[in-house]
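Examining the three-dimensional arrangement
Spelled out, the chains give:
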Amino acid sequence: MRRRRGAEQVTSVRQPVPLTLGTAPQAPTSLFAPGHPGFEAEEMTPDALTGEALELADAVSTELAGVRKLGVAYSGGVDSATLLALAVRALGAESVVALLGVSPSLARRERRLAHQVARVIGAQVVEVPTHEGENPDYQKNDAARCFHCKDELFTRIGEDVVGEQRLDAVAYGENADDATRHDRPGAGAATRHRVLRPLSVVGMTKSQVREVARQLSLPVADKPAAPCLASRVPFGQEVTPEKLRQIDDLEDAVYEQGFSDCRVRHHGAVGRIELPTEELARAMEPEIREALVAAGKETGFQHVTIDLDGIRSGLFSLQIVGKGGRG
């Protein structure tokens, strides 16, 4: 492992643990599906970094030079997990803490996964309760919703955590691609609270983040984006804990059927399920279709539909600026 700050050099190099994610529609391809092999890695492999990934990791270390203890705003997704891992590599596990915002907008499965991934990295997790749902500006669910959510998180970190954990900096996992996107109002909150963004500063794109994560053997290296549950409620419709619970419950049921990704869009009495287009046919298999309908009605939807257009990340954000997209 390549060590810093005058530590002795170790010449042995461990290879990344191969992350054999399923690809066939019949296979459990999601980290949330039963039997997924993604957690073959018991610990990260920083000494396996080579080539461009090593250069980027070293650039992040340079950005963090001089930080005595860093808090990482952490969700368990690939961006924040990679930042957390690189911070541990640069500063040592005792000098880094993962700050996980917890509220009804965080899916239960995402919360569990975040803790699992942090164990692989070897980082301490501190859960930070947030109360964005009590903010009328957040509840009204306009295009600034993400700003209010991130502002609440960074405010809580500043008021409740920085002193207790003796942090002298906080960072979050914005990558270089995020910095150019129109639908990232939460970045404004990061600027307001002087939160560091090392991945973006060194020019690390999303594809590069994933490659670094693969070489580090992070289980979430190929994990699809997972926006918060509130993103499933159309803009202009109030976000409530009940709606978020319905979405969370039905998405859990979808993952239990082995689908690799999904979104449940909340349209009042209708729960509209988005799936990867290559997996739509599976949803029409009688047993799976019946299970999804039953789960939707059990959680409070009167009707359950499958969107034939497939999964579209950031759908409601794209609609509000007059664009469409899939990703």
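Note: the structure precedes this text.
Everything quoted here is computed from the prediction, not taken from an experiment. (Residues numbered from 1 in each chain as written. Predicted model: local features only at pLDDT ≥ 70, side-chain atom pairs only at ≥ 80, totals over all residues. Heavy atoms only, no water.)

**Here we look at the overall build of the protein chain**
Within the protein chain one finds 12 helices and seven strands. Sorting the 327 residues of the protein chain into buried and exposed places 52% on the buried side. Considering only contacts within the protein chain whose residues lie at least 6 apart along the sequence, 74% involve residues at least 24 apart. Summed over its atoms, the accessible surface of the protein chain is roughly 14800 Å², and 50% of this surface lies on carbon and sulfur atoms. (Helix = DSSP H or I, 4+ residues; strand = E, 2+ residues; numbered from the N terminus. Buried < 20%, exposed > 50% of the residue type's maximum accessible area, 1.4 Å probe, protein only. Contact = heavy atoms within 4.5 Å. Areas by Shrake-Rupley, 256 points an atom, 1.4 Å probe, with all protein chains shown as cover.)

**Considering the pattern of salt bridges**
Using the criterion set out here, one finds 28 salt bridges in the structure. Across the pair Lys140 and Asp142 runs a salt bridge, and its minimum N-O distance is 4.0 Å. Take Asp142: its relative accessible area is 27%, and that puts it in the partly exposed class. Connected through salt bridges with shared partners, the residues Arg108, Arg109, Arg232, Glu242, Arg245, Asp248, Asp249, Glu251 and Asp252 form a single ionic network. (Salt bridge = Lys/Arg side-chain N within 4 Å of Asp/Glu carboxyl O.)

**Considering the packing of aromatic side chains**
Applying the stated criterion to the full structure yields one aromatic pair. Judged by centre distance (6.0 Å) and plane angle (75°), the ring pair of Phe154 and Tyr172 falls under edge-to-face. Here Phe154, found in helix α5 (residues 145-165), pairs with Tyr172, found in strand β4 (residues 169-172); they are 18 residues apart in sequence, far enough to count as distant. Here Phe154 and Tyr172 have matching classes, each one buried. Residue placement shows Arg282 over the ring face of Phe259; its charged tip is 4.7 Å from the ring centre. (Phe/Tyr/Trp six-rings, centres within 6.5 Å; stacked < 30°, edge-to-face > 60°. Lys NZ or Arg CZ within 6 Å of the ring centre and 35° of its normal.)

**Some points on the pairing of strand β2 (residues 96-102)**
For β2, the tally of buried residues reaches six of seven residues, placing the bulk of the element in the interior. In terms of handedness, the path from strand β1 (residues 70-73) via helix α2 (residues 78-91) over to β2 forms a crossover that is right-handed. Across six bridges, β2 lies against strand β3 (residues 124-129) in parallel orientation. Along β3, the bridge assignment pairs Gly101 with Val128. (Right-handed = clockwise from strand over helix to strand, strands pointing away. Pairing = 2+ DSSP bridges.)

**What to know about the nonpolar core**
Judged by nonpolar contacts, the single largest core of 44 residues is most densely connected at Leu70, Tyr74, Ile121 and Leu218. Secondary-structure elements contributing two or more residues to this core are α1 (51-63), β1, α2, β2, α3 (108-121), β4 and α8 (206-215). At 10 residues, the largest contribution of residues to this core is made by α2. In terms of nonpolar packing, the next biggest core, distinct from the first, is built from 24 residues, Ala230, Phe259, Ile288 and Ala295 among them. (Core = buried A, V, L, I, M, F, W, Y, C linked by side-chain atoms within 4.5 Å.)

**Examining the side chain of Lys243**
Tracing the chain through its elements places Lys243 in helix α9 (residues 241-256). Of the buried charged residues, Lys243 lacks a salt bridge, with Glu238 as the closest side chain of opposite charge at 6.1 Å. Polar side-chain contacts of Lys243 include one of 2.7 Å to the backbone oxygen of Glu238. Each residue touching Lys243, except ones within four places of it in the same chain, is listed here: Val233, Gln237, Glu238 and His266. (Lys, Arg positive; Asp, Glu negative; His and termini not counted. Polar contact = N/O pair within 3.5 Å; in protein donor to acceptor, adjacent residues only side chain to side chain.)

**Points about the sheet that holds β1**
The strand order across the open sheet formed by four strands is β3-β2-β1-β4, and the pairing between neighbours is parallel. Bordering the open sheet on either side are β3 and β4, each of which pairs with just one other strand. The average undirected angle you get between the axes of adjacent strands in this sheet is 30°. Across four bridges, β1 lies against β2 in parallel orientation. Within the sheet, the bridge partner assigned to Ala73 lies in β2 and is Leu99. The strands touched by α2 are β1, β2 and β4; relative to β1, the strand with the most contacts, the crossing angle is about 165°. Set on the sheet, α5 makes contact with β1, β2, β3 and β4; between it and β3 the angle comes to about 130°. (Axes fitted to C-alpha atoms, helices over the stretch in contact; angles between N-to-C directions.)

**Focus: unusual backbone geometry**
A positive phi is found at Asn141, a non-glycine position, where the angle reads about 60°. Along the polypeptide, Asn141 turns up in the loop between α4 (136-139) and α5. Here Asn141 falls in the buried class, since its relative accessible area comes to 0%. For Arg166, which is not a glycine, the phi torsion comes out positive at approximately 60°. Topologically, Arg166 is positioned in the loop between α5 and β4. The exposed category is assigned to Arg166, whose relative accessible area is 74%.

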